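# Fold and contact review
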Amino acid sequence: MRKLLGCIIILLIAINTWAQNNSGTPYSKEGFGLLPDNYGAFTGMGGVSAAMRDNYNINFLNPASYTALDSVRFYFQSGITGEYVDISTNKTHTNYKVAQNGEVVMAFRVYKKLFVSFGILQRSNRGFDVLYNNDVRGDYSMRYIQHIEGEGGLNEVYLGAAYQLGRLSLGVNMSYLFGRIDDRLTLVLQPATSGYYMKTQTVTQMGSALFTLGAQMPFSIGGKNKFVIGTSFNFGTPLHANQTFVSYKISNTNSSMIPVDNESLENSSVFYPFRIVTGLSYQSNQKWLFAGDYTFQNMSQYEEFHTNKEYQNYHKIAMGAYLQPNENGRYWWQRNKYMAGTYFTRSHLNFNSTDINTYGVTIGTQMPLRLARQELMLGVAVDLGMRGTHRNNQILEKYAKLRINIAFKEIWFMKAKIY
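Just so it is clear, the model here is predicted, and its values are computed rather than measured. (Residues numbered from 1 in each chain as written. Predicted model: local features only at pLDDT ≥ 70, side-chain atom pairs only at ≥ 80, totals over all residues. Heavy atoms only, no water.)

## Considerations on the overall build of the protein
- When helices and strands are tallied, the protein shows two helices and 19 strands.
- Put simply, the protein has 419 residues, and 49% of those count as buried.
- A fraction of 66% describes how many contacts in the protein between residues 6 or more apart in sequence connect residues 24 or more apart.
- Taken as a whole, the protein presents about 20700 Å² of accessible surface, with 59% of it coming from carbon and sulfur. (Helix = DSSP H or I, 4+ residues; strand = E, 2+ residues; numbered from the N terminus. Buried < 20%, exposed > 50% of the residue type's maximum accessible area, 1.4 Å probe, protein only. Contact = heavy atoms within 4.5 Å. Areas by Shrake-Rupley, 256 points an atom, 1.4 Å probe, with all protein chains shown as cover.)

As structure tokens, this is what we get:
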């Protein structure tokens, strides 16, 4: 009971943390926020997931992987990413630090070849704070200042199940996506020609069910060469959404607010597009494992309140590998997994005929620790990358991310034996 209470407390802390501003990139302004390019248990391998299955990590990105877990163990897994970003344009430069892409997930076997998993995680990040200072067209003696702020994103609560049919594993995550997006704009004219400035706020709340299906098929060649083919996908789903818009004139002298406009959209939708991840892994001699993924999301179908945003489709390629010198070795360094990977993303964003791409390289390790009645897998990964470009007056971001992932295997369901 103490362990269950601890899990609930951690879950509540995670929910409270995700309610805060959790991203700083201006690129998160579009859509439901920035899609995470690399997170989960295999961040150190470029974020591969489709064909990854082992008995240490809950690979919630492909529900078919749950059948690889130990049948007599209860799994608890938690992860978080800390990020430092250097952001620049041709004219200015700044940086920010955030924590994001957290999750708290659990898994166990319920009956013979049937496994379940449940948890909460982040689906997208949104947070920005941008200040524009420009001349007024036709009157260069005056300037206007635009202050644009935003926060929010999508979270996911899921219940997943997987079943083993011979060598084929099939799984499904039944999720509820929910989130709030809050955009604010302040417009000030200088020098002031009246005693007021303008402020607007747009709040969008959304939520709906989403089903993610997964499959994995392991096979071997020559006994020592093991392969896994895997895929996971969700169909396009409309998220039930409401939106409110308010605007005010605010006095420069006493800060009194005069309403100008107040609108609301009820019982509408934001369309979450079809997404698929397909990959292959190859393991040799129980030491080396190589894996690759391709991700596609049909972002050209993304709509907000029945208006197409005309995004381009999302594509990602990820590759990674690990070396484990000896899974049953005497020394801890022999049992560790040493990981490296890379990924490339062509995002859904295109500004001024310029694609906003992301490039990254990763390194990491997973360290199995054996305790009295439980096993612990400590994962540490570093992700170094770039997003965007300076071309055509765009924004370039250089980031360094540190991912910490902790997975427990509890012996809650193992019967004691007396010899």
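## Concerning the pairing of strand β12 (residues 288-297)
- Two elements, strand β11 (residues 275-284) and β12, share 10 bridges in a ladder whose sense is antiparallel. The residue bridging S284 from the neighbouring strand is W288, located in β12.
- As consecutive antiparallel partners, β11 and β12 are separated by three residues, and within that stretch N285 has a phi angle of approximately 55°, a positive value. (Pairing = 2+ DSSP bridges.)

## Structural notes on the pattern of salt bridges
- Going through the model one piece at a time under the given rule, you end up with 10 salt bridges.
- In this structure, R123 engages E156 in a salt bridge whose closest nitrogen and oxygen atoms are separated by 2.7 Å. Taken as a pair, R123 in the loop between β3 (114-122) and β4 (126-136) and E156 in strand β5 (residues 139-165) lie far apart in primary sequence, 33 residues in all.
- Exposure remark for E156: the relative accessible area of 4% places this residue in the buried category.
- By sharing partners, the salt bridges in this structure join E149, R180, D182 and R184 into a single network. (Salt bridge = Lys/Arg side-chain N within 4 Å of Asp/Glu carboxyl O.)

## Quick notes on unusual backbone geometry
- Positive phi values are uncommon outside glycine, yet K112 reaches one of about 40°.
- What makes K112 exposed here is its relative accessible area of 58%.
- At N352, a position not held by glycine, the phi torsion is positive, near 55°.
- Among the secondary structure elements, N352 is positioned in the loop between β16 (337-351) and β17 (354-370).
- Look at N352 and you get exposed, because its relative accessible area is 51%.

## Regarding the confidence of the model for the protein
- Chain-level statistics for the protein give a pLDDT mean of 86 and a share of 90% at 70 or above.
- Long-range and interchain partners of residues 15-22, a stretch whose pLDDT sits below 50, account for 19 contacts in this model, where long-range means more than four residues apart. (pLDDT = per-residue confidence, 0-100.)

## Overview of the packing of aromatic side chains
- Under the definition given, this model contains 16 aromatic pairs.
- Centroid distance Y39 to F60: 6.2 Å. Interplanar angle 50°. Geometry classified as tilted. Of this pair, Y39 sits in the loop between α1 (2-18) and β1 (74-88) while F60 sits in the loop between α1 and β1; the two residues are 21 residues apart in sequence, bridging distant segments of the chain. Here the two residues Y39 and F60 agree in accessibility, since each one is buried.
- Arranged with centres 5.3 Å apart and planes meeting at 10°, the rings of F219 and F227 form a pair that is stacked.
- By relative accessible area, which is 26% here, F219 ends up partly exposed.
- For F227, a relative accessible area of 18% puts it in the buried group.
- A cation over a ring is seen here: K249 above Y196, with NZ or CZ 4.9 Å from the ring centre. (Phe/Tyr/Trp six-rings, centres within 6.5 Å; stacked < 30°, edge-to-face > 60°. Lys NZ or Arg CZ within 6 Å of the ring centre and 35° of its normal.)

## Notes on a nonpolar patch on the surface
- Side chains of V361, I363, V382, L384 and L402 sit close together on the surface and give an oily, nonpolar patch of about 410 Å² of accessible area.
- Elements that contribute at least two residues to the nonpolar patch include exactly β17 and β18 (374-388).
- As for its position among the elements, V361 is in strand β17.
- A relative accessible area of 47% means that V361 is categorised as partly exposed. (Patch = residues over 30% accessible without salt bridge, like charges linked within 9 Å, V, L, I, M, F, W, Y side chains within 5 Å.)

## Some details on the nonpolar core
- Ranked by internal contacts, the top residues of the largest apolar core, which has 22 residues, are F32, M206 and Y272.
- Elements represented by at least two residues in this core include exactly β6 (168-190), β7 (196-221), β9 (237-251) and β10 (257-272).
- Once residues lying within four places of it in the same chain are set aside, the contact partners of F32 are S124, R126, G153, L154, I181, Y272, P273, M299 and Y302.
- Within the second largest apolar cluster, 15 residues are counted, among which are A41, M52, Y96 and V98. (Core = buried A, V, L, I, M, F, W, Y, C linked by side-chain atoms within 4.5 Å.)

## Some remarks on the pairing of β18
- Summarising the sheet, β17 and β18 pair through 13 bridges and their orientation is antiparallel. The residue of β18 that forms the bridge with T358 is R387.
- As paired elements, β18 and strand β19 (residues 396-410) share 15 bridges and run antiparallel to each other. When the sheet's bridge partners are listed, V380 is paired in β19 with I404.

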